[in-house]
Amino acid sequence: MRFLSVISTESMREGIIISGVSSFYDVHTPEGTVRCKARGSFRKQQITPVIGDRVLFSEKLYLEEILPRTSLLIRPPVANADQAMLVMACHTPEPNLFLMDRFLAQTLQQKMDPILVFNKQDLLDEDDSLKKVLEIYRKAGFHVFETSAKDQSGLEPIRAQLKDHITVFAGPSGVGKSSLLNRLVPGLTQETGDLSEKIQRGRNTTRHARLIPLEEGGFAADTPGFTSLDLGHLDHKELEQYYPEFEEWRTECRFRGCSHVSEPGCAVKEAVKKGAVSRLRYRNYTTLYQEIRKENEENKYQ
């Protein structure tokens, strides 16, 4: 969607919104960052600029136009992101793999490239069972990185992955997301929260989503920590598309439109039995399928 401006584009400059509070927005340009105010016409048209929006603004520092978006996340609200980096901890707290699979499904549905980062690598033992889990996700075709914000190991491959992209950083509280960003962005001093030993959850230290310009090019979107994602807009019939390891098998099912949950002659279920598809990933798939199916059916009657 392109929002038309009444002012000549010759008198305007282009930039990217990196933060916003109320009707004021910080816009990053090659010359520096400027603070702009959104025109009242945005509110009248029920248009809300979000971080990541490429915008045109006037010499008087008013936002005049939002350029076409390539993508839009609703929660957190970020436009034009092409990568999503989910940060989990290797330990303390234990990684929530079902939450991770929900995240992967949403990211792929948004046509964004998902990246998995397991922080606190210093807590990972050589014989740790989590290493086998990481291999499951690598085998499925996902980018998987191991790092430690504490001893600053594994950072360079992540920096290379971030270059020239708008990347959403997300993850549950307490996994060291802010500490990792502090290590990746020189001079950044994100507030970090101590992990509660009693409930194994961290205090959420990121209160507003914002884009952080990166020295190597691109932006990192820091977002409030989450414990769930809203997948109500997903169709349960499409979920199989977001499990790339199913691709080889799903066309061999006996029935067209097989959900890979309860039908006989399902090639995906056979692949699980043979060990060609991860039982862990398949179990998460069936649980997620039922959740989204229930949400879809409830939404039909609202």
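Before going into details, it helps to say that this report is about the structure given with it. On a predicted model such as this, the values are computed, not experimentally measured, just so you know. (Residues numbered from 1 in each chain as written. Predicted model: local features only at pLDDT ≥ 70, side-chain atom pairs only at ≥ 80, totals over all residues. Heavy atoms only, no water.)

Observations concerning the overall build of the chain
- Looking only at helices and strands, the chain features eight helices and 13 strands.
- Per-residue burial over the chain gives 51% buried out of 302 residues.
- Considering only intrachain contacts with a sequence separation of at least 6, the fraction spanning at least 24 residues in the chain is 64%.
- Surface accessibility of the chain: about 16,000 Å² in total, with carbon and sulfur atoms responsible for 48%. (Helix = DSSP H or I, 4+ residues; strand = E, 2+ residues; numbered from the N terminus. Buried < 20%, exposed > 50% of the residue type's maximum accessible area, 1.4 Å probe, protein only. Contact = heavy atoms within 4.5 Å. Areas by Shrake-Rupley, 256 points an atom, 1.4 Å probe, with all protein chains shown as cover.)

Re the sheet that holds strand β9 (residues 113-119)
- The six strands are arranged β10-β9-β8-β11-β13-β12 in an open sheet whose pairing can be described as mixed. Each having just a single partner strand, β10 (143-146) and β12 (210-213) make up the two edges of the open sheet. On average, each strand axis in the sheet is tilted by 25° relative to the strand beside it, whichever way the strands run.
- Bridge analysis of strand β8 (residues 83-89) against strand β11 (residues 166-170) gives four bridges, and the strand direction is parallel. Looking at β11, one finds that Gln-83 is bridged to Thr-167. (Pairing = 2+ DSSP bridges. Axes fitted to C-alpha atoms, helices over the stretch in contact; angles between N-to-C directions.)

With respect to the pairing of β11
- Of all the five residues making up β11, five are buried; the element is thus mostly covered by neighbouring parts of the structure.
- Of the two faces of β11, the one carrying Ile-166, Val-168 and Ala-170 and the one carrying Thr-167 and Phe-169 are both buried.
- As judged from the four bridges shared by β11 and strand β13 (residues 219-222), these two strands associate in the parallel manner. Within the sheet, the bridge partner assigned to Ile-166 lies in β13 and is Phe-219.

Observations regarding the sheet that holds strand β4 (residues 54-58)
- Judged by pairing direction, the barrel is mixed, and its five strands sit side by side in the order β1-β2-β3-β5-β4 before closing back on the first. Strand-to-strand twist in this sheet, taken as the mean axis angle between neighbours without regard to direction, amounts to 55°.
- Across three bridges, the pairing between β4 and strand β5 (residues 62-66) is antiparallel. Among the inter-strand pairings, Leu-56 is bridged to a residue of β5, identified as Glu-65.

Here's the deal with helix α5 (residues 177-184)
- For α5, the buried fraction is high: six of the eight residues fall into the buried class.
- Within the span of α5, buried status applies to Lys-177, Ser-178, Leu-180, Leu-181, Asn-182 and Leu-184.

Considerations on unusual backbone geometry
- Despite not being glycine, Leu-61 has its phi angle at roughly 65°, a positive value.
- Note on placement: Leu-61 falls in the loop between β4 and β5.
- When its relative accessible area of 33% is taken as the criterion, Leu-61 is described as partly exposed.
- In the Ramachandran plot, His-260 falls in the positive-phi region, its phi being about 65° despite a non-glycine side chain.
- Within the secondary structure, His-260 sits in the loop between α6 (247-250) and α7 (267-274).
- For His-260, a relative accessible area of 1% puts it in the buried group.

Observations regarding the pairing of β8
- β8 sits mainly inside the fold: seven of its seven residues count as buried.
- The alternating pattern of β8 places Gln-83, Met-85, Val-87 and Ala-89 on one face and Ala-84, Leu-86 and Met-88 on the opposite face, and all of these are buried.

Description of the pattern of salt bridges
- The final tally for this structure, using the stated rule, is 16 salt bridges.
- Between Arg-281 and Asp-101 there is a salt bridge; the shortest N-O distance is 2.9 Å. You can see Arg-281 sitting in helix α8 (residues 279-300) and its partner Asp-101 sitting in helix α2 (residues 97-109), a full 180 residues away along the chain. Both residues of the pair, Arg-281 and Asp-101, count as buried.
- A salt bridge links Arg-293 to Glu-297, with the nearest nitrogen and oxygen atoms 3.5 Å apart. One end of the pair is Arg-293 and the other is Glu-297, both in helix α8 and four residues apart, which spans about a single turn.
- Given a relative accessible area of 36%, Arg-293 falls into the partly exposed group.
- A relative accessible area of 37% means that Glu-297 is categorised as partly exposed.
- A network of salt bridges, in which partner residues are shared, links Lys-131, Glu-135, Arg-138 and Glu-146. (Salt bridge = Lys/Arg side-chain N within 4 Å of Asp/Glu carboxyl O.)

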